[in-house]
Amino acid sequence: MTDFLVKPETFQAALDQASAGDKVQLTPGTYDGVYTISRRRGTEDRPIVIEPALGVDPGACKISQGVSADTFRPISNRLAKYALEIGYDFPGLYPWIDDASLRIYRCQHVIVRNLVFSKAWPTHIFIESAADISIQNCAFEDATFCIGALGAVTRDILIEHCTWTQDTVPDRLWHRIPWFRVHGETVDEEKDYRLFDGDFFRSNEIAGGVTIRHCSIRSAFNAIHGYNTSAEARLNRDFHIHHNRFEQIRDNVFEPEDGASNWWFHHNDMIDVHKWFSIECVTRGPIYIFSNTGSFRTQQGSDPFAGDEDENNGGAVFKPIKKVERAKGPFNGLYVFHNSFITRSSYIKKGLLPGLSHKNNAIAYAAAKTDTPRTNGFFGKVHQPEYDKRFTSSWSRWNIDFDGDVVGFPSFADEVLAARYPLGDHTIDEGPDFSGAGHALEEFELGPNSLGRGSSISFRVLLPSGHWASPGGLNVGALQGEPGSPSSNRFEGPAFQPTLGERHYDTFVGV
């Protein structure tokens, strides 16, 4: 085992030589190159580690190309437009996601830890055809894509205790840049901000096994985004996202795309998110969403630039499949239970979520500061035709079930009756009486007289192996215990179960 003490001009040479048990340790300096670790193999007990040298402040050995957002913005707009010219269906920087400061290619058991990344576009770290990659305690600023991953053999990625601020100008992406300037269908090279049309973690057709935990992502366009464009069942599996904080996310936090299976999202906290869960999969294995909180402090898109009208400033909690013809199937369960949400928009609108089982959630409505309700109803425009402007009411056809929820929402009962939504008998049409506005975890505690106290119903959840059952009689929502209980007294829920089989490193593709 060797400790390589490196400076910017020797960093790449050390990466080329590193083997099992070696540490590549950065000394002070500006690491402004493009670095690649390729075909290097650590082992489970002797990984290859990339980190600051002992006693070196991570900020003193920052990995940074020194490119500001203002400098990269016009470049990003031109690249997004060029993506259309070369045949992509949508303008964006997606073809250049592999243009990263640190590239991990065909490696196993590599740990990147305690490093600072900034002013690099479009990507900080890119992983391809690699397995057992850990990114720990790293601080990220800027970049279109913080961490990208590609390749059908890419699997078992751990991202923990990391932070990412995509737009370092406070409140700009959330408040002042219109949504379509980042993600519109046409490009204005002068006015757009395509550099922000990215994600904290973005993958395309990887095997899976992605764990993202104890991270903080803020002032970003998207958070977790996993593509499976081929919709193959063996890909895009086992995403385990838990104990994270997401704040000022201008588009989506959770987005399995095309085809996905066994995605778990639990014990996360969201403040100021446009559309929380985007689930437009054409085929889908099980998804589990439980023990999360969500609320708002401020209004997205409330102060657009002069001449721009931002229509994407309402949002929703769930973004479903909009067109029934896209629902190819099969669809396994989408389990949403024991969450505590405060929303000021429609909960679900325009489409369908096949297999949705929605149980024991505490949901409150809070108008925006203008006191003008920013909603067309809990399920969208309920008086419009099926699928067009509202969430489907054909629940039997699509195996959808709502029961045991406590819902405080304007005209909820009238709206449900008008569209004949077959809610379960244990649904309570009354606010959960949260103790506050949801700006801190303890503010989601149910009041002493809340009808959600001790009223949860029993239900079963099918897991990849066996099932998990809730006995009922708990508090509805995420927080349990008597009034005044510690805020850590949170609904636990089932334990994560992976579905990916064992891998054999001696036959790993590309090594």
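Just above sits the structure.
Numbers given for residues are sequential positions, taken from 1 along each chain in its written order. The predicted origin of the model limits local features to residues at a pLDDT of at least 70 and limits the giving and counting of side-chain atom pairs to 80 or more, whereas totals for whole chains, interfaces and linings rest on all residues. To get the side-chain values, take all heavy atoms of the structure and skip hydrogens and water.

Caption draft 1: Fine view of the overall build of the chain. By the criteria applied, helices consist of DSSP H or I runs no shorter than four residues and strands consist of E runs no shorter than two, each listed in order from the N terminus. For the chain, the count of helices and strands is six helices and 35 strands. Here the C-alpha coordinates of the chain stretch approximately 70 × 55 × 45 Å along the principal axes. Contacts are residue-level and defined by heavy atoms, with any inter-residue pair within 4.5 Å sufficient. A fraction of 68% describes how many contacts in the chain between residues 6 or more apart in sequence connect residues 24 or more apart. Split by element, the accessible area of the chain, about 19,800 Å² in all, is 47% carbon and sulfur. Under the convention used here, Asp and Glu are negative, Lys and Arg are positive, and both His and the chain ends fall outside the count. Here the site of a charge means NZ on Lys, CZ on Arg, CG on Asp, or CD on Glu. Mean positive and mean negative side-chain charge positions of the chain (50 and 65 charges, respectively) differ by 3 Å. Per-residue accessibility takes into account occlusion by the displayed protein chains alone, with areas from the Shrake-Rupley method and a 1.4 Å probe.

Caption draft 2: Fine view of the pairing of strand E31 (residues 362-365). Only protein chains enter the accessibility calculation, which uses a 1.4 Å probe; a residue whose area is less than 20% of its type maximum is buried, one above 50% is exposed, and one in between is partly exposed. What you see with E31 is no split at all: Ala362 and Ala364 on one side and Ile363 and Tyr365 on the other are buried throughout. Of the pairings in the sheet, the one linking strand E28 (residues 340-343) to E31 comprises four bridges and is parallel in character. Its bridge partner lying in E31, Phe341 is registered against Ile363. Across three bridges, E31 lies against strand E33 (residues 406-408) in parallel orientation. Residue pairing across strands places Ala364 opposite Gly408, the latter belonging to E33. Each pair of strands is called paired provided DSSP finds at least two bridges between the two strands.

Caption draft 3: Summary view of helix H6 (residues 412-419). The set of residues buried in H6 consists of Phe412, Glu415, Val416 and Ala419. Viewed along the axis of H6, the buried residues span an arc of 95°, placing them on a single side of the element. Opposite the buried face of H6, at more than 90 degrees from it, the exposed residues are Asp414 and Leu417. As for H6, its buried residues are in contact with E33. Within two residues after H6, Arg420 carries a phi angle of roughly 60°, on the positive side. Here the arc refers to the set of directions running from the helix axis out to each C-beta atom.

Caption draft 4: Focus on the packing of aromatic side chains. To pair, rings of Phe, Tyr and Trp, with the six-membered ring standing in for Trp, must have centres within 6.5 Å; the planes then decide the type, stacked if under 30 degrees apart, edge-to-face if over 60, and tilted in the middle. With the rule as written, the count across this model stands at 44 aromatic pairs. With a centroid separation of 6.1 Å and 90° between ring planes, the pair formed by Phe337 and Phe491 is classed as edge-to-face. Of this pair, Phe337 sits in strand E27 (residues 334-337) while Phe491 sits in the segment after strand E35 (467-470), placing them 154 residues apart in sequence. Relative accessible area serves as the criterion here: at 5%, Phe491 is assigned to the buried category.

Caption draft 5: Region of the structure containing a nonpolar patch on the surface. Where nonpolar side chains cluster on the molecular surface, the patch consists of Tyr82, Ile86 and Tyr88 and spans about 290 Å² of accessible area. Position of Ile86 among the secondary structure elements: in the loop between helix H2 (69-85) and strand E6 (100-105). Only residues whose relative accessible area exceeds 30% and that form no salt bridge are eligible for patches; like-charged ones are grouped when within 9 Å, while nonpolar side chains (Val, Leu, Ile, Met, Phe, Trp, Tyr) are grouped when within 5 Å. Salt bridge, as applied in this entry: a Lys or Arg side-chain nitrogen positioned within 4 Å of an Asp or Glu carboxyl oxygen.

Caption draft 6: Quick peek at the environment of His225. With respect to the helices, strands and loops of the structure, His225 is situated in strand E18 (residues 224-227). When its relative accessible area of 4% is taken as the criterion, His225 is described as buried. Counting along the chain gives 27 residues from His225 to Asn252, while the straight-line C-alpha distance between them is 8.6 Å. When near neighbours in sequence (up to four residues on either side) are disregarded, His225 contacts Asp199, Phe201, Arg202, Ser203, Glu255 and Glu257. For this analysis, a polar contact is any N or O atom pair within 3.5 Å, provided that within protein one partner can donate a hydrogen and the other can accept it, and provided that sequence-adjacent residues contribute only side-chain to side-chain pairs. Within the structure, the side chain of His225 is placed 3.5 Å from the side chain of Arg202, a separation counted as a polar contact.

Caption draft 7: Quick look at H2. To estimate how far a helix should reach, multiply one less than its number of residues by 1.5 Å. For H2, spanning 17 residues, the distance from its first C-alpha to its last is 24 Å, which sits close to the expected 24 Å at 1.5 Å a residue. Buried within H2 are the following residues: Ala69, Phe72, Arg73, Ser76, Asn77, Ala80 and Ala83. Two residues or fewer past H2, Gly87 is found with a positive phi of approximately 110°.

Caption draft 8: Region of interest: the nonpolar core. In this description, a nonpolar core means a group of buried Ala, Val, Leu, Ile, Met, Phe, Trp, Tyr and Cys residues linked to one another through side-chain atoms lying within 4.5 Å. Grouped together as the largest cluster of nonpolar side chains are 96 residues, with contacts concentrated most on Phe200, Phe201 and Phe277. Once residues within four sequence positions are removed from consideration, Phe201 is found in contact with Ile147, Ala149, Ile157, Ile159, Ile206, Val210, Ile212, Ala223, Ile224, His225 and Phe239. Judged by nonpolar contacts, the second largest core, of 19 residues, contains Ala69, Ala80, Ile97 and Phe221.

Caption draft 9: Spatial organisation of the environment of Thr144. Mapped onto the fold, Thr144 is located in the loop between strand E11 (139-141) and strand E12 (145-150). In this structure Thr144 comes out as buried when scored by relative accessible area, which is 0%. Considering only alpha carbons, one finds Thr144 and Phe200, 56 residues apart in sequence, at a separation of 8.3 Å. Residue contacts for Thr144: discarding those within four places in its chain leaves Phe72, Leu93, Trp121, Pro122, Trp164, Gln166, Arg194, Leu195, Asp197, Gly198 and Asp199.

Caption draft 10: Layout of the pairing of strand E13 (residues 155-160). Across the six residues of E13, six count as buried, placing the element largely inside the fold. Looking at chain direction, strand E10 (residues 131-136) and E13 are connected through five bridges and run parallel. Its bridge partner being in E13, Ile135 is matched across the sheet by Ile159. Summarising the sheet, E13 and strand E16 (residues 208-213) pair through five bridges and their orientation is parallel.

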